[in-house]
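A structural walkthrough
If you want the building blocks of each chain, they are given just below.
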Amino acid sequence: MIYNDADVIVIGGGIAGSSTALSLAEKGRTVILLEKGRVGEEASGRCAGGVRQQNRNVAELPLAMESIKIWADMINELEYDVGYRRSGNLQIAMTPDEYTSLHRICEREKSMGLKVEMLSQRDVRGLISTIAKDWDFAGGKYCPTDGSANPLLVVKAICRMARKKGAAIREHEPVTGMTLKSGQLTSISTFDNEYHAGAFVIAAGPWTHKLCNQVGLDSPLMVHRDQILVTEPMQHHFDPFIIYGDMYMRRAIEGNVHLWGGHHPIAAFDKQLSYGAFAYAADRIATKFPYLKKVNIIRGFAGLTCYSPDEIPILDQIPNISNLFIAAGFSGHGFCLGPIVGKLMAEWIADGRPSLDLSAFRWGRNYNKNDSDNYNCL
Amino acid sequence: MTHHYKAVILGAGPAGLSAAVELARSGTEVAIVEDNPDVGGQVYRQPPEGFIIKEEKHLVARHKIGHQLIQNLKKLSGKISIVHNAYTWGLCNNKCLAVLHNGKINLIEFDKLFLCEGAIERSIPFRGWTLPGIMTAGGLQKMVINQGLLPGKRFLLAGSSPLLLSVAASLVAAGAEFVGVCEATSYLANLRLLPNILTHGSLLSEFISMQQKLLRRSVKFYRPYTIASAEGEAKVRKAILAKLDNSWVPIPGSETQIDIDIVGLGFGFLPHARLARLCGCDHVYDPLQKYWKPMTDQYMQSSQPNIYIAGDSKGIGGADVAELDGRIAGMHAAFELGNITQREFSDQMNVLLNKKLRIKKYVLLLNQIFAPRDGLYDLDGDTIVCRCEGITAKEILAGIDLGARDINELKRITRFGMGLCQGRTCESIVTQLMIQRDVSINKIGYLNLRPPLSPVQLGTFETAASKDIDR
Amino acid sequence: MYDKSLAMRQKKGFKRGELVKIVYNGQIISAYKGETIATALIAAGHLVSGYSHSQPRGVYCNIGICHSCAMKVNGIGNTRICKTLVTDGCQIESQNDRLREIE
């Protein structure tokens, strides 16, 4: 490979971009990944770390189930423990109506091959002993093959593996310009370099919109700020990733419990932790997991996530720029999908088409949130 | 609950108290927010409630200054509100402090903010340094002279700091059976500074007389030595000392062993600039002192509007400098607020600035003599660096080798600094390890801080008026 | 293995206030009002506040910065004993793991 030329250039070093670079390298393509900062330091490294199949948009489920298989293989290959555990995902149904909705989704997911079950309140309490005794919730929905990982370590490890297989990962290389010629992207430039490739993938999360603008495309993608508060390390007292209403929590393998501090649509790209995050989390645990009231919050952080109007990603080849692909807009639940998205984008570019149906994720689709198809908790 | 004051001072040590007095004198209403139950900070620590303490001779002068300052403060109590046991854990939009007081969140809005967060001890690790019985020299001093407890019989003080002699004197006065002082500084090596030392004649003679007193009371000196390792089961029992060369690298084969039951480590101080980092002001790295410090102009103004930084948290200078800092900052703010005239400002400010210039020369000299040198950071792989999370030097170096190029990334990869103390103890150690691996200091940077600055119980936030403090 | 401290309260130059009783791992200890729990425990011979990663920990900075001295006080885990003053009847327990217990 000539230094700045490759078969494919991937823009964005999050889980989608790194997985794409890895998959392309495994297919023997030369690939350069350009990351504006350090890999995994944006949404992918600041997210909840949930690796989840259940409770997704119906179109995402087949991808998530395939992805879980890749996760299992990938973990064995990675150089160090990235904290991935299949400790399950539990969605607590707050009301009977919610239980009914979840039950419907449960049936649909089972019919698509996912191992998932409905739980009574008693069953849920059997899984999690620290729920408030007087919280009369309706039950829950549980997927045992879901889990979580340390998101930053995962992305760093994927990049190391990609490098080992021949991909070039270039950090501190923000893309400053993109050049179109006769309906093809011919080159992109950074501050100091110009890059050429046969195909390009934009997997740049919140920065995707600006990059699209540079080739005359208007994207519907929006930026949200997500916040997480971290407790002091706690003894093991629950396994699954717990979600209820507009709240989630998970226990990292080191013992710290991560609590969601909510998210805000924002205009500026600002990763300051909002003070509202503290009240957000406190109000939602107070009557549900009261033991946490006495637990100390020792730190917190925020990250920027990229949302699409219908909250499922855009995974497509751009209609009038046939060598440009987009993988962005994961709307706060892209972590599980990273590896499969990487594989599918690599197949699309190298073999001509992806091996799974991606028609729901088309660029320029009717971005309507259809709630019956689109159960997306958070 | 939200309060508003024209001037809010964070920290009631020498800098904070002096700023308060200066502001109140000019008629400005001041609020001091102090984490401890009493004023005075570390250096003018008040006796515990119910105690009457007769100070040791070598501490009387300092006690007198502190006492005077607190008296001045009390005289102006009409203009000064002090909130005790109030922990400031955040700063919203650089306009108000988020404070935990009596289990509730309070917001304190200000027109002018004075950050006087003081200093913390620099930790330099060695094998066994986490054993019970091993404390900081300042922590040991507090235990002996303020709490009245001699925590053991055989003491070793190790490090490089003028504080060591003072602590040794306190231990001797309290009846310690054995006191060893292990100093990395070689006085011979500092001979080249003699002309400068001689210009501060009175301080030199004070030092020499202290030395003589200690030698007469059989304090054993080890110079230039450092503590290479400590051994013990549930507490420290033995210390192994090693002689140092000119770069403060331990000389192989020079080890000597002593039986001790308490160790006091004094390797100097670091600015405890936590809110200073939260406010986003500019910082600069001091290569001699090996720490980052917030940048201020001659009036103690940081690069953030309306935020002053005074005292040790802007750069270690000791109590005398801290008091001048506080007065300078207070006077400048009083002028900006229109409470003193241009004439008053010019006259008085010049006096303070000149005083400070003279003291700073002495401080610089002390820094040159006592500042830690690279050899002390030549760590054994198994030495713990991050006490809270149990991260060793080997793991930190592996993280650097894995490609971490700034300290925040290294933290995320290795988990150092993610424990209860949020990097206060270990950040300075990790910074030096990165420098050792040839990462440039401007790339290393310093840890980004996020609220809460110290652990706060989650339940506390239930009562927060989140509408007020949401961004 | 348990090693006692060889600590002693100073008499010369110190006049103390009233005595209180505190409870350490079920054992009753006398202390003086105004003392920190750290002082009281070390005075009674206890240097180890708990274990972290199977290694003993005790008071290090003594001014509330390092959290090495953390113990469970009156049911609240990870309390810095060097900053907490003794109160009559306060319950202090060692934390034998870096992981805080669920209460």
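Cut-offs used in this document
Residues numbered from 1 in each chain as written. Chains lettered and ligands numbered in written order. Predicted model: local features only at pLDDT ≥ 70, side-chain atom pairs only at ≥ 80, totals over all residues. Heavy atoms only, no water. Contact = heavy atoms within 4.5 Å. Buried area = accessible area lost by both parts, 1.4 Å probe. Salt bridge = Lys/Arg side-chain N within 4 Å of Asp/Glu carboxyl O. Polar contact = N/O pair within 3.5 Å; in protein donor to acceptor, adjacent residues only side chain to side chain. Helix = DSSP H or I, 4+ residues; strand = E, 2+ residues; numbered from the N terminus. Nonpolar A, V, L, I, M, F, W, Y, C, P; charged D, E, K, R; others polar. Pairing = 2+ DSSP bridges. Domains from an automatic or database assignment. Axes fitted to C-alpha atoms, helices over the stretch in contact; angles between N-to-C directions. Buried < 20%, exposed > 50% of the residue type's maximum accessible area, 1.4 Å probe, protein only.

To continue, consider the interface of chain B and chain C. The parts lose accessible area when they come together, and the size of an interface is often stated as this lost area. Every contact between the two is made by 56 residues of chain B and, on the other side, 48 residues of chain C. Carbon and sulfur atoms supply 55% of the area buried between chain B and chain C, which totals about 4,300 Å² over both sides. Our count for the chain B to chain C interface comes out at three salt bridges. There are 22 residue pairs in polar contact (both at pLDDT 80 or more) connecting chain B and chain C. When residues of the side of chain B that touches chain C are traced back to their parent elements, those giving at least two are β3 (52–53), β9 (134–136), α3 (137–146), β10 (149–150) and β17 (262–266) of chain B. Among the elements that take part in the side of chain B that touches chain C, α3(B) stands out by supplying six residues, more than any other. When its residues are assigned to classes, the side of chain B that touches chain C shows 26 nonpolar, 17 polar and 13 charged. As paired elements, β3(B) and strand β2 (residues 14–15) of chain C share two bridges and run antiparallel to each other.

Residue and element names in this part refer to chain B. As assigned here, chain B comprises domain 1 (2–120 + 270–340), domain 2 (123–267) and domain 3 (379–444). Using only C-alpha atoms to locate each centre, domain 2 and domain 3 end up separated by 27 Å. Domain 2 puts six residues into the contact, and the matching count from domain 3 is nine residues. Both sides of the domain 2 and domain 3 interface together cover about 710 Å² of buried area, and 61% of this is carbon and sulfur. It is P125, R127 and W129 that lose the most area in domain 2 upon contact with domain 3, and together they represent 62% of the buried surface on that side. Run the count over domain 2 and domain 3 and you get one salt bridge. Across the pair R127 and D380 runs a salt bridge whose closest N-O atoms are separated by 3.2 Å. Counting across the domain 2 and domain 3 interface gives three residue pairs in polar contact (both at pLDDT 80 or more). Here the residues of the side of domain 2 that touches domain 3 are counted per class, giving three nonpolar, two polar and one charged.

All names here are of chain B. Spatially, β14-β15-β16 is the arrangement adopted by the three strands of the open sheet, whose pairing is antiparallel. Each having just a single partner strand, β14 (225–232) and β16 (256–259) make up the two edges of the open sheet. Ignoring which end each strand starts from, the neighbouring axes of this sheet average 25° apart.

In the structure shown here, the tally under the stated rule is 43 salt bridges over all chains. The closest approach of N and O atoms between K83(C) and D35(B), which form a salt bridge, is 2.5 Å. A residue pair is termed interchain when its members come from two chains, as with K83(C) in the loop between β8 (76–79) and β9 (91–93) and D35(B) in the loop between β2 (30–33) and β3. On the accessibility criterion, K83(C) (26% relative accessible area) is partly exposed.

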